[in-house]
Structures are given as C-alpha cells and as structure tokens.
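These are the residues of each chain, in order.
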Amino acid sequence: MPNEYDQGLNDRKAAYKPYAQAIPGSFAIGKLDTAPCTMACPANLNVQGYVQMVKQGKYREAIEIIMRDLPLPGILGRVCPHPCEKSCRRLEVDEAIAIRELKRVAADHVKLSEIPVPEIIPKEEKVAIIGSGPAGLTAAYFLALNGYHVSVYEAMPETGGMMRYGIPEHRLPRSVLDAEIENLKRYGIEIHTNTAIGKDLTIEELQKHGAKAIFLAAGAWKGLMLGIPGEEHSEGFSHVVTFMREVQLGRRKKLEGKVVVFGVGHSGMDTTQVAFRLGADSVTMIDPFSVAEMPAAAEEKKEVEREGAKIHFQVAPQRIVIENGKVTGVECSRTRLTEPDTTGRRKFIPIEGSEFFIEADHVISSVGQEPDLDFLGDDFSGLEVSKWNFLVVNPETLQTNKPGIFAGGDVITGSATVIEAVEAGKRAAKYMAKYLRGEELPTEWQEEPPVGTNWVEIPDDAPVKKRLEIPTLPVEKRLSGFEEISLPVDEELARKEAARCLNCGGCCECYQCIEACQAHAITFETHAQQEKSVSIEVGSVILAPGFSAFDPGRYDTYQYSAYPNVVTSMEFERILSATGPYQGHVQRPSDKREPRNIAWLQCVGSRDINKCDHGYCSSVCCMYAIKEAVVAKEHAGSDLDCAIFFMDMRTYGKDFETYYNRAREEQGVRFVRSRIHSIEEDPKTHDLVLKYVEENGDIQEEIFDMVVLSVGMETPEALINTADQLEIKLDKDNFVQTAAFNPIQTSREGIYVCGGFQEPKDIPYSVMEASAAACEAKADLSEARGTLVKEKTYPQEKDVSSEEPRIGVFVCNCGTNIGGIVDVPKVGEYARTLPGVIYVEENLFTCSQDTQEKMKEAIERESLNRVVVAACTPRTHEPLFQETLKDAGLNKYLFEMANIRNQCSWVHSKEKEEATQKAQDLVRMAVARAQLIQPLPQPTIPVNDKALVIGGGITGITAALGLADQGFHTYLIEQSAELGGNALKLIDTWRGDEIPGRLKDLIRQVQDHPLIDVFAESTVKEASGFIGNFETTISSNGTDRTIKHGAVIVAVGAEEYKPTEYRYGEDKRVLTNLDLDTAISSNDKSVTGAKTVVFIQCVGSRESERPYCSKVCCTHSIKSALRLKKMNPEVDIFILYRDIRTYGQREELYREARSRGVVFIRYSMEQKPQVEKSGQEISVIAKDLILGRNIIISPDIVVLASAIVPRDNVTLAQMYKLSLNEDGFFMEAHAKLRPVEFASEGIFLAGMAHFPKPIEESIAQAKAAASRASVVLSKENLMVEGVVSNVNEIMCRGCGTCEETCPYGAIALVERDDGKTVAHVQEALCKGCGSCAVACPTGAASIFHYDDQEVLTMVEAALEG
Amino acid sequence: MTDKFNPKIVTFACNWCAYSAADLAGVSRFQYPPNLRIIRVMCSGRVNSNFILKAFQMGADGVLVAG
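Residues numbered from 1 in each chain as written. Chains lettered and ligands numbered in written order. Predicted model: local features only at pLDDT ≥ 70, side-chain atom pairs only at ≥ 80, totals over all residues.

Enquirer: Requested: an account of the overall build of chain A, with residues and values cited.
Expert: On a plain count of helices and strands, chain A comes out with 40 helices and 57 strands. Since a compact globule built from 1361 residues should have a radius of gyration of about 34 Å, the 43 Å found for chain A marks it as more spread out than a globular shape. Taken along its principal axes, the extent of the C-alpha atoms in chain A is 140 × 90 × 60 Å. A burial count over chain A gives 46% of its 1361 residues as buried. (Helix = DSSP H or I, 4+ residues; strand = E, 2+ residues; numbered from the N terminus. Rg over C-alpha atoms; globule rule 2.2 N^0.38 Å. Buried ≥ 20, exposed ≤ 12 C-beta atoms within 10 Å, placed from the backbone.)

So, in structure tokens, the structure goes:
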C-alpha cells in the first residue's frame, strides 16, 4: 500500500508503523473494504489471505485460512467454477489471478491430517445430517467444530455425494476426495454409508435416537425430462445422473459407437469426456442456445473439443429415434433465440423445416436434475415441497416448515455447484447451532450491508503481468484412462502468479501477525478493532488540527501529475530524510539518478487568485525552500546546482535573513527573481525545461533534472466541516477568525485555536500559540486545577548503604530486536559469573507491565540492592525502571542500564557473534559500575508562587494578566511612568483592530486586578536565586525594594531605530513610521494633506551591521499608505522596497494597495534611493529595476520604515544569566521547541525582547510565557535531581576555578562563619555536568553518581575482556 | 591470512547529544564496526584527562570524546 508518510513515494505493508518517531510508537493495521474476490465467493473464502500465503510459500497457513470457511480445499481447488475470478480487479490491468489453481497448489502441498484440530469443547446435543455431499459435509464440519455430535447418513456405498457419483475421476481424483473426507473424521464426525433414510431409518427414528436437529442435504438425483418422444425406456438412452453413477459403481465400463450428449453445462462436458474414456467413437453435443449462454466455462469447451467432441449450438432435439427398442439417432431442428426478457433470459424457438437427423448409438441427457424426494414418504414427512419438487425452506436460515429440520444444497435448488452447496452447509450449520442454543431465528432474509469499494488504488502504470498457464495432460495420454487432466503447477510459477494479486482489501487478514507478535499485543479482538466514538466532558477545547499542503495536481500549470520529476516540497522533505523512501540519498523519482540541478518554484498555491483562490502568503515556503536547497547540497555535494525561483524572498523571522544570506553567499544557492512561464518535459530523459521571465522582462530557458514545487498551506475540507460542527467562524480563506488582542480565541467562548488552522505560520509561532491556548484554557479551568490528580505514594525507602552489593541483572530480548541478533541466554549466563550478581533474568520485554511486577518481586525475594537492565537506552527507559525501583523501596539511583539494543543489536545486525560479545562487555561494564553506585537524596525545594514580569508594554501587561487570571500574584515593573510601551503610539493593527481603546482597557484591568502589583518608573537593580526561588531588587525612583518570586517573564520590548540616513532629523518632512502614526493621530495637516508620499523600506534593517528583517515594516507602511489613500484618494504614494514581506494574510493589504494605485518600486542594495534637497524641495531618486532607469519623485513627505532595534539588554541578561543573540535580542532555549523559555529554568521570554513582531504575535507569546511560567508556579515543591556536584570543603581552597567553569552559575564562593572561603553548590541550579569536578585542581569538587571511580571502573571493565 | 587491525576504542559520550546520537544511529539502523564501547557521561566536560589516560593504559587503541 502507498506509504502516506513518504508522500506515496514508496510502499508500505498493511501492518505498519506510521513513521519511525510516531507517537504512540505502535503498529497499525490498515484495512480497506473486503476484497471483491471474497465478496464474489458464495462461501466468502478469504481469497486474498490464502493467495498471499501461497505467494510466500506458506501453504499450510494458506490451508488454515481456507479451512476457516471450507473443509474441502483440494476438491474446490479442482472443481470450483471460480466466480471469484470474474470479479478480480486484476482484470482492469490484464487478466484475473488463477485463484482456483492457487488453492489447489496450497492443498497439494499440505496433508490435511497434519493440521491440528482446534480445541473443541464438546456439547451434549446430537445432530443428524442426511447426505454426505458437499452441503452435508460442510455443515457437519462446522457443527463438529462447534462441539456437537454429528452423524452423517449416506444412502450410497461411498461418501461424497455428487462429488463422487457426479464428478468424474479425471477431474477429481478419488485419492483427493477420499483424503479430504477421511480428514473430517478427525473432527469427531461419524459417517454411516449404505444407510438410506426412508428405507433403513426414518426421520422420526433419528429424532427418537436423540437428533435434536436434522439437516437434509440429500442432493438432486433425478434427471429432468425434456418431454420429447423416445426419452423413456430405450436401450442407449440415459440421464447423466444415472450414467455417471453407473460408471462410478463400475457397472458401466464401455460405451462404444456414436454418442450424442444433450446440454453444454459442466456435467455435459464431464459426460462427453467420460464417453471418450469409455471408448466412444464420436461425441456430439447439442444445445438449443448459443455459445453465449453456455453454462460451462470456455476452458472446459476447449478441452472437450481438443478431445474430439463436436458441439452444435442452437440445435434442439425433437425426437429420439428408436428402432427395435434401441436408439439409432436423434431428430433435431435448428433454433432461433428470442430477445432477452426482463430477467435477461432468452428463449429458443425451433425453426420449422430445419429438421435434420444425427445418428447415435447412445444418447445421454444432461439438462438438469431435481431431488428425488421418495425417501420422505408419501406425505413428504410433513415437509413443504414446491411445485418444482424442491423442499421449501426459509431462505435465510434454511429451516423447513418443521422446526429443527433444515435443508440445503441441491435438494432445495436443483443441481448447482459444489461451492454453492458449501455455502448452504455453512449457513445451515450457523442456524442449526443457533437453533440448538435456543435462540430465536430470523424469519426473513437478512440483507448484507452494501459492499464497499474502498480498495487499494490500482496505479495507472501497473505493469502488465501474464496469467499463469495451467498445464494439462496431453490429449493422447488422456483417453486411455481417468488420469487427472490438470497437472500440478510449478511452485515458482504459482508463487509468481500469487504475487500478481493487487491486495485489494489492504490487510489480507491472514492473522500471521497474531502468531508473530510475541507480546500478544495483536489478538483476534485487537485485529478487529474499529474506530469508535467516545464522549468526554471538558471545560475548554483547543483546536490544533493543522493544515494540509496545497495539491498542485489540481491544476496543470506545473505538470505535477504528468511529469515524474516534478515533486512537491513535502515529497522532497521525505526524499531528504534518512528514514525516507531513498534513505536520504538525493535522487529523482523517474530513474533514481542523482540530479545535477534542482529548481524550486515558490508560491505554488499561495499569492495566487487566478489559479487556486489562495490570495494569502503561506508564510513558511521561502524559508523551507532555502533549507531544502541547503540540505540537498549537503547531501549531494556542492556540485548540485540549487536554484530558487521567487517573487519576494520572505525571510522575516528570527535569524532567517542570516540563513538566507548564508545560503546565497556561502552555500551558493541561486535565487532567481522571476515569474515562471512554463515547464516542459523531454519525454526521453524526463528532464524539465523551465521557461521564465526575469525581473527586467527577459525570457530565459533552463533545463533542470528536478523541479520542487514549494506548495502552500490550506485548510482541508474536513476541517471546514469540523468548524461548522463546532459553530466557529472561519474567514474567507477558511482560517479560524480571531482578533489581534486575543489571537487564539475563536468566535465561540471556551474554544481556542493554535497553529496553521488560524493562519499559515511556522513552527516557533505555532508552538507559542499552543502554550498561549493552554494559558487561556487553564484560566477557564483554574478553579478545577488539581481536582482530578491522584498522588502516587511509594513505600519507605530501604537503607542499603551498609549492605554488600547484591545485583540483579535483567536481560531483555526486546521481542526479536535484541534476541534476534544477540544470544541473550549466553549474555544472561555470562552475567551470572560477574561479581556481585545474585540474580539474572531474561525477559521478552523487560519494559512490559508484568515484568515490572516480576522485577519488584525479584528485588524483594532476592534482597537485591542494585538493578542492572540490559536493554534499550536509558534516554527513554531509565525513568520507567527507576520508578519500579522506587515501588520496590529502593533508591532510584541504585540502577544502571546496559544499552544492548540501540548501541549494539541494531547497529551490528549482521555480526551476531561480535554483537553478543559486545553485549557481554556492556553488561560487565554496567555491573562493575553498579557495584559502586550509591543511593542519592533528592532534596525538595519549596516554590514561591509569585511571578515577576519585567516590562509594562502590551506584552508585559498581557503576561501579567495571564498569570493573575490563573490565580498567581504578579509583580509588573515598567521603566517609564506609563504602562503601554510602543503600542501607545500605534493606531490600529493590520486587520484594523483599534489599538488605543483596547490598550486603555488592558491597562485598567491590570490596575484593578487584586493580584497585580505595578511598579512604574522602576528597573531591576539586582537579581539572584533560581527556579521557584528568585530574589529581585527593584529600584523605583531611588527607593529599592526586594521581592521574592518563583518565575520571571522578560518582556522588555524593543524600540524604533532612529535613522541617520535619508536626511532624517535634518528635515522634518522625513518621518519614521511611528512619527507618521503620531502625526496622523494628531491630525498634522502637513502630513494628512500631503499630495505625494514616498515610503522607503528596510531603513536600518537587512544591512550588514543589522542583518535581520524587522518583520513588521512592510505591513506597517502599506497599512499607512492605505490610510493616507483613504483620507485623500488623490494622494500619490510610492513605496520603495527590496522585498515585500506581507506574510500570511497580510498579503491582502499588499494586493489592495496595488489596486488602489500605490506604486511599488523595487530597489537594490547596490543602488539605494537618495533623498536630495534643493531649496525647500526634497526629491527622491531611485533606480527602477524593471525600467532600468532612474526616476525622480518630489514628495511632500518621506516615510522611513525604520528598523526595530533591541534595547540595552546586556545588564538584565547578566543579572539573570541569560543569553543574547548576535543582534542583541534575548535568546530562547530552543527556537522551535521552547520558544518562550530561557535555558535557565524558571525564566521566560515574550514580545519584542525576543524579536520584532506585530501585536498579535506579542500577545500570543505573552500568554505562552504566562502558561509556561504557571507550570512552575503551580507546583508546591520542586524535586532536585540527585546527580549534582558536591564540594568537599576540607579539600577546597577557594580558588574559584569551579565557579568560572560552571555553565549554569550553580557554584559560587562563599565565606564561612570561620572566615574560610569555599565553593558552594546550589543544587537546584546544578545540572550535574561535572565540569567543576574536572576543573577542580584539588579534587574537592566531584559529581554524585559519576565520580571518578564510577567512571574509571567502566573504562577498566570495557578493556578487560 | 594476516589478522586485520581491529582497534579497541573507548568512547565517552555526552548524555544530551552524542549518546542520543548513538541511540539514533541505532533507530536508523546504521551499521558500524562492533569494536567501540560507549561510556555515558552527563557532559563531555565531565571527561577528565585521567579517564583518557586510563583507557590507553588499559590497552585502548583510541579514545573518542563526543559531545
């Protein structure tokens, strides 16, 4: 099946793990609708299942699958008319799978007697079955499996019914028939032959003898009459039933002369072949219908013709001519057929005057059979019989009008196929059992649910594979006897044939996985798991469903569907991945060749209202395209030419511009500002010819080996429906509608949104929003906090400090992950020989729940005081085992792991012996260390639940409110006299949310909040402490005050760059964006009345001394331009820019500005615009890159989109030991995973102190920081890890080397009461890295759990072996 | 046939990076020769020169400090 995770670039199995790092990391089984072959089979055999087993040569498993539905695999493997093959979807590609033949192949390879009979729980009830044909035997088999005592009564001398007395031996060898029937006796079935009901025993007698249910499966043994003269009592005429029976009984051994057979059904064909084998000179078959109506298969016709039969279609017998009581021939006439009636059937009409005569010595009529119900007596034993002489039954349950008496097979239908009889037997068994259990039986036909057709897709390019040709006995060898015509198929060919199966149903339900799963995680029950609905009650809902990538296949512009080497960026991500379809090797799909060059086309499905209706920018594509290009070059070598074709390069995030510059200048990625005209493919090489238009209008053509489409984001259809169900509003682009001041609040209270469902965005901002949504949800739920938490308790810890080490070693097989490579018993045996080892155990899965219990018991029983687990990696599993130790009353540090999976069996899978040796060494090292390790205390420290927020701008205000609303007392300090920060100068957000009013609201909320203390005109003077326990001295107008708090949020913001260029400060008509906002707010006529305005972008940003993009200026300028246009539509506005970076839905503003006539002129770094002044007039000169000429504008005002620069953050950074990036902004712990946290615990970051950003992002980040901080504040105590540094004060000489070395500020020199200066470790800050221990010149500093001896002993043990 | 030189290598791996990288190599089923023994430390800064000298003294042919 296609691997969804690899974007369909390769295939996966039906049992699969979604991807290597998937959570939960378990396997799934992909099932689709039941395959059409199974649906077509009357007995619903799991065809796909046994075909797959044959493919793998697992014949026994194939037979076991067949035996779930059918006890006669070898018989059906020969005689079934295989309706399944007609529905095989392989027919859409070439020819059907030879299903019947594959069944026979399986059966021929397996002795049924060797298949174990499943455990049968015997039941009291007896059941009688009349007739040992396929219906009777099948019913007997399933009833016996159910535990009933089954007796089968057969009138004939041998078993098998029509299978023996109707089907000739050359089609069904008696050895096969005998073996399969004999096998049934192993299930406890008794078969009485030569016992005719009605003659030897009556139904009443059977009931009297205890048969609680009876199944009448007596077959149809009476030949139908044609009603033509001469049919009765003449020598040379017989019915097929009689003829075949006589042959089988050995009463007819010869048939000489000319033979005429009536009817071209299966049995007509059989009759003809038998006639030849008995010595017939010729056989002529006649049938009144045409070849199109022939019931027999074309292959059967072919075979009888090969043997010499003549077939006359549309010929009806009129009279059997008899002379002297002996047949001499048949008088026939030709027929014509009527048009089909409403049921599709035709009738034949003899053509008058077309009569002719066929000479014959024997005539055998094979036109159908009916049951011989004489055995039921005159009144049919009270059973209802139809006018066609069939027993009447309920069509669903097969019960007759008499309760407990069921009937099925030919006796209710007339002659039919073996597989139909099997179906009847199965059905009867099911309802007889139900009847016997006293359950009520349905009275009507139970309609099956409609058949689904969600099957595996057949790829357009599925290769044609020829169907297996079944070998047959040469004609010259056939006629001398009854040797089987179909010859065994070569095993290789059979497996090849099985491999043609398309696996329509996904999982083939072979249940091999149940066998294979040693942990018994897959059972028949879990295998059958279906999705189910559950209801849960919640106080708030967070929507984080993400987005889907734009499907470029919808439009032919990029030829994505047509050309194999045009891939999407999502596919390219997988191509680059080490776990991807090509294991990280860069190659193109068409021929798996390494590409020489790759082109990325930007804005596919974004910024395009002509083709895809997505007017917005998808925000992330520029950055990921650069990353893909850089990584591709890393993988493939620098010779790979990577070119990115773009309109505007939007690298607006933190450190993004630097990455872009490096890709361009150092890694040699080409950036081509262009529009794409077309992609054409060279059909021979699959190379791609890219035609594009450069900025100056020149048309270029380049050939690429691969083209990557940088597809944008969109909301999938399913999510639109979800939003509708949840009654939340979406905007016109189908993203969730939110407001700038609450960017995670949907239109419905209590439902929050984060990530790509809100607007296209990257990972850092999505993660911030996620925390922000958690903050909102926590505020809603603050009253219920902790009410559902159960506290875990542990037994009293045992004191083992004075005991000798008693080590228990647990060696894990990890299923076959370790056990399949490393000789685990040998490792276990070896562990027993190691000093101190008291107990060794091998586990299938040491991490399983039951093993934890066993481990606890072993610790207690054997008085173990150290535990070593040899398994996977401590990085993932150490906490689990340590928990078990704690549960057993041991200190968790008395534990050690030997990594014999990730670092042994997995990486040495081909060298089993060496891997075993290495595993032994690793265990020896772990045991040696375990001897030395000591219990360690884990001190708890109390947490102060107050918070400090530094910075009273909109970020600080929001963060303070976020914390206070959750119930945490918060100190908010602001350096100026007024709260509000930069927002005080702004008019509205890009979406048009009005700012001053909302800001005033927020400030009032802060001032009124009982849990917020505001310190205005205040700064941080001093800070000390650690997570949960900070002490900060605040200086307010000269007065100092020290406060204690558990967490800090740094929200000091940033400020506008005061330009030194473009005559700013020299001429008051040159303004910054904030100056412009202030002027508009105060209705400064010189600004609002301006007739010509020039905006210059990137003033102070993206320069060599300040390489970052300030993110907000493009949007700000365009917003201001639109405002000026609104106030005065006549105003001429020119925006001089380098790239327009209106990311996300801000693109809409850009489009609107252009439509309103704002003129955008791009300039390059090499030729920046000039602001000139002559007299009173200022003029702006800029080089237009499209025209290639200078243009001169004489504006009334010039607006500079000046950069946003960090404040002087150094002092604060030093006080709290925080890092700054190269640009002077604060540095978070991890750009993507921990975007609002500092590396130092308990300190958080939000707003423009982190990086320039618009209000809505600052607000989201503020809420995120509040959310993360509350995780700390909501704890009463923090537990400190035991692996910390320790200073032996006697040996310490107070040199301070350790203090200098410690990267966490956890060690400081202190003066003791006695005046001696020694190093002191603050355990809550210590990470246990051990640098101090290495740096210490006297050996005073050491690290618990990793002291010199504990490490050195491992070095020794490693090299001992 | 002459014996191929099969060096004994002792590796000190930082728990947070190199050790997890070695785990990841396993998850990714990378194959490498089975002649190195990894000792986990909480930081490569924990590796004392004594540890390295001890390894050589005990007969190691190479020491890899990864972090």
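Enquirer: Tell me about the overall build of chain B, and name the residues and values.
Expert: Assigned secondary structure in chain B consists of two helices and three strands. The secondary structure elements of chain B, listed N-terminal to C-terminal, are β-α-β-α-β. The 67 residues of chain B split such that 40% are buried. Within chain B, contacts between residues separated by at least 24 positions form 78% of all contacts whose residues are at least 6 apart in sequence. (Contact = placed C-beta atoms within 7 Å.)

Enquirer: Would you mind going over the pairing of strand β36 (residues 970-973) of chain A in detail, with residue names and values included?
Expert: All names here are of chain A. Side chains Thr 970 and Leu 972 of β36 all project onto a buried face; the interleaved residues Tyr 971 and Ile 973 project onto the opposite face, where all are buried too. Relative to β36, strand β35 (residues 947-950) runs parallel, the two being bridged by four bridges. Looking at the pairing, Val 949 lines up with Leu 972 of β36. Pairing analysis gives four bridges linking β36 to strand β37 (residues 1012-1015), with the strands arranged parallel. Paired with Thr 970 across the two strands is Ile 1012, which belongs to β37. Regarding topology, helix α31 (residues 996-1008) serves as the crossover connection from β36 to the parallel β37, and that connection is right-handed. (Pairing = 2+ DSSP bridges. Right-handed = clockwise from strand over helix to strand, strands pointing away.)

Enquirer: Break down the interface of chain B and chain A for me, citing the residues and quoting the values.
Expert: The interface is formed by 31 residues belonging to chain B together with 36 residues belonging to chain A. Take the side of chain B that touches chain A: its biggest share by element is seven residues, from helix α1 (residues 18-27) of chain B.

Enquirer: Describe in detail the packing of helix α2 (residues 47-55) of chain A against helix α17 (residues 491-498) of chain A, supporting the description with residues and values.
Expert: Between two packed helices, both the angle of their axes relative to each other and the distance between the axes serve to describe the pair. Residue and element names in this part refer to chain A. Packing of α2 against α17 brings their axes to within 7 Å, and their N-to-C directions diverge by 135°. When the axes of α2 and α17 are compared, the pair comes out oblique. Seen from above, α2 lies across α17 with left-handed handedness. Contact with α2, carried on its side by Val 51, Gln 52, Val 54 and Lys 55, involves Ala 494, Arg 495 and Ala 498 of α17 and no other residues of that element. Grouping the constituent residues of the contact of α2 with α17 by class yields four nonpolar, one polar and two charged. (Axes fitted to C-alpha atoms, helices over the stretch in contact; angles between N-to-C directions. Parallel < 35°, antiparallel > 145°, perpendicular 65-115°, else oblique. Left-handed = near helix turned anticlockwise from the far one by under 90°. Nonpolar A, V, L, I, M, F, W, Y, C, P; charged D, E, K, R; others polar.)

Enquirer: Can you tell me about α17 of chain A, naming the residues and giving the values?
Expert: Residues and elements named next belong to chain A. Taken together, the buried positions of α17 are occupied by Ala 494, Glu 497 and Ala 498. Buried residues of α17, viewed axially, fall in a sector of 100°; they line one side. Buried-residue contacts for α17 involve α2 and α6 (99-108). (Arc of directions from axis to C-beta.)

Enquirer: I'd love a proper account of the packing of helix α7 (residues 134-145) of chain A against helix α15 (residues 418-436) of chain A, names of residues and values included.
Expert: All names here are of chain A. One can describe the packing of α7 onto α15 by two numbers: an axis separation of 7 Å at closest approach and a directional angle of 40°. As α7 runs across α15, the sense of the crossing is right-handed. For the pair formed by α7 and α15, the contact residues are Pro 134, Ala 135, Gly 136, Leu 137, Thr 138, Ala 139, Phe 142 and Leu 143 on the first element and Val 418, Ala 421, Val 422, Ala 424, Gly 425, Lys 426, Ala 428, Ala 429, Met 432 and Ala 433 on the second. Classifying every residue of the contact of α7 with α15 gives 14 nonpolar, three polar and one charged.

Enquirer: Just give me the short version of helix α25 (residues 824-832) of chain A, but keep the residues and values in it.
Expert: All names here are of chain A. Among all positions of α25, only Val 824, Val 827, Tyr 830 and Ala 831 are buried. When α25 is viewed along its axis, its buried side chains cluster within an angular range of 120° and face the same direction. Those residues of α25 that are exposed and aimed more than 90 degrees away from the buried face are Pro 825 and Arg 832. Contact partners of the buried residues in α25: β30 (807-812), β31 (837-843), β32 (866-871) and α29 (912-932).

Enquirer: Give me the lowdown on the environment of Gly 981 of chain A, citing residues and values where you can.
Expert: All names here are of chain A. By secondary structure assignment, the location of Gly 981 is in the loop between β36 and α31. Its 27 C-beta neighbours within 10 Å are what place Gly 981 among the buried residues. Considering only alpha carbons, one finds Gly 981 and Ile 954, 27 residues apart in sequence, at a separation of 6.6 Å. Non-local contacts of Gly 981, meaning those with residues more than four positions away in its chain, are made with Gly 952, Gly 953, Ile 954 and Gly 1053.

Enquirer: For the confidence of the model for chain B, give the residues involved together with the corresponding values.
Expert: Across chain B, pLDDT averages 92, with 97% of residues at or above 70. Model confidence for the complex: the whole-complex pTM is 0.79, and ipTM, which rates the interface, is 0.97. (pLDDT = per-residue confidence, 0-100.)

Enquirer: Describe the sheet that holds strand β2 (residues 36-41) of chain B, with residues and values.
Expert: Residues and elements named next belong to chain B. What the three strands build is an open sheet, ordered β2-β1-β3; its pairing is parallel. Single-partner strands in this sheet number two, and they are β2 and β3 (62-66). Direction aside, neighbouring strands of the sheet carry axes that sit 20° apart on average. In terms of strand pairing, strand β1 (residues 9-14) meets β3 through five bridges, oriented parallel. Across the sheet, the residue bridging to Phe 12 is Val 65, located in β3.

Enquirer: Account for the nonpolar core, naming residues and giving values.
Expert: All names here are of chain A. Of all hydrophobic cores here, the largest spans 217 residues; its most connected members are Ala 870, Val 923 and Ile 1049. Discounting chain neighbours no more than four positions away, the residues touching Val 923 are Val 809, Val 827, Tyr 830, Ala 831, Val 868, Ala 870 and Ala 898. Within the second largest apolar cluster, 134 residues are counted, among which are Ala 107, Ala 135, Ile 189 and Ile 203. (Core = buried A, V, L, I, M, F, W, Y, C linked by C-beta atoms within 7 Å.)

Enquirer: Outline unusual backbone geometry, supporting the account with residue identities and numerical values.
Expert: Residue and element names in this part refer to chain A. Even without a glycine there, the phi angle at Asn 734 is positive, about 70°. Structurally, Asn 734 can be placed in the loop between α23 (717-726) and β29 (751-753). On the neighbour-count criterion, Asn 734 (17 C-beta atoms within 10 Å) is partly exposed.

Enquirer: Can you tell me about the sheet that holds strand β40 (residues 1039-1045) of chain A, naming the residues and giving the values?
Expert: Residue and element names in this part refer to chain A. Read across the sheet, three strands follow the order β38-β39-β40 without closing on themselves; strand pairing throughout is antiparallel. Every other strand in the sheet has two partners, leaving β38 (1018-1026) and β40 as the edge strands with one partner each. Ignoring strand direction, the axes of neighbouring strands in this sheet form an average angle of 20°. Both β38 and strand β39 (residues 1029-1036) contribute to a ladder of eight bridges, which runs antiparallel. Within the sheet, the bridge partner assigned to Ser 1024 lies in β39 and is Glu 1031.

Enquirer: Can you explain the pairing of strand β27 (residues 706-711) of chain A? Please cite residues and give values.
Expert: All names here are of chain A. Here β27 lies mainly inside the structure; six of its six residues are buried. Burial along β27 is two-sided: the face carrying Met 706, Val 708 and Ser 710 and the face carrying Val 707, Leu 709 and Val 711 are both buried. The sheet contact formed by strand β22 (residues 597-604) and β27 spans five bridges and is parallel. Residue pairing for β27: Trp 600 is matched across the bridge by Val 708.

Enquirer: Hey, could you go over the environment of Glu 842 of chain A for me, with residue numbers and the actual values?
Expert: Residue and element names in this part refer to chain A. Structurally, Glu 842 can be placed in strand β31. Expressed as a C-alpha distance, the spacing of Glu 842 and Lys 856, which sit 14 residues apart in the sequence, is 15 Å. Residue contacts for Glu 842: discarding those within four places in its chain leaves Val 811, Asn 813, Val 824, Pro 825 and Gly 828.

Enquirer: I'd love a proper account of the environment of Thr 443 of chain A, names of residues and values included.
Expert: Residues and elements named next belong to chain A. Within the secondary structure, Thr 443 sits in the loop between α15 and α16 (475-478). On the neighbour-count criterion, Thr 443 (9 C-beta atoms within 10 Å) is exposed. Separated by 44 residues in sequence, Thr 443 and Gln 399 have C-alpha atoms that sit 9.6 Å apart.

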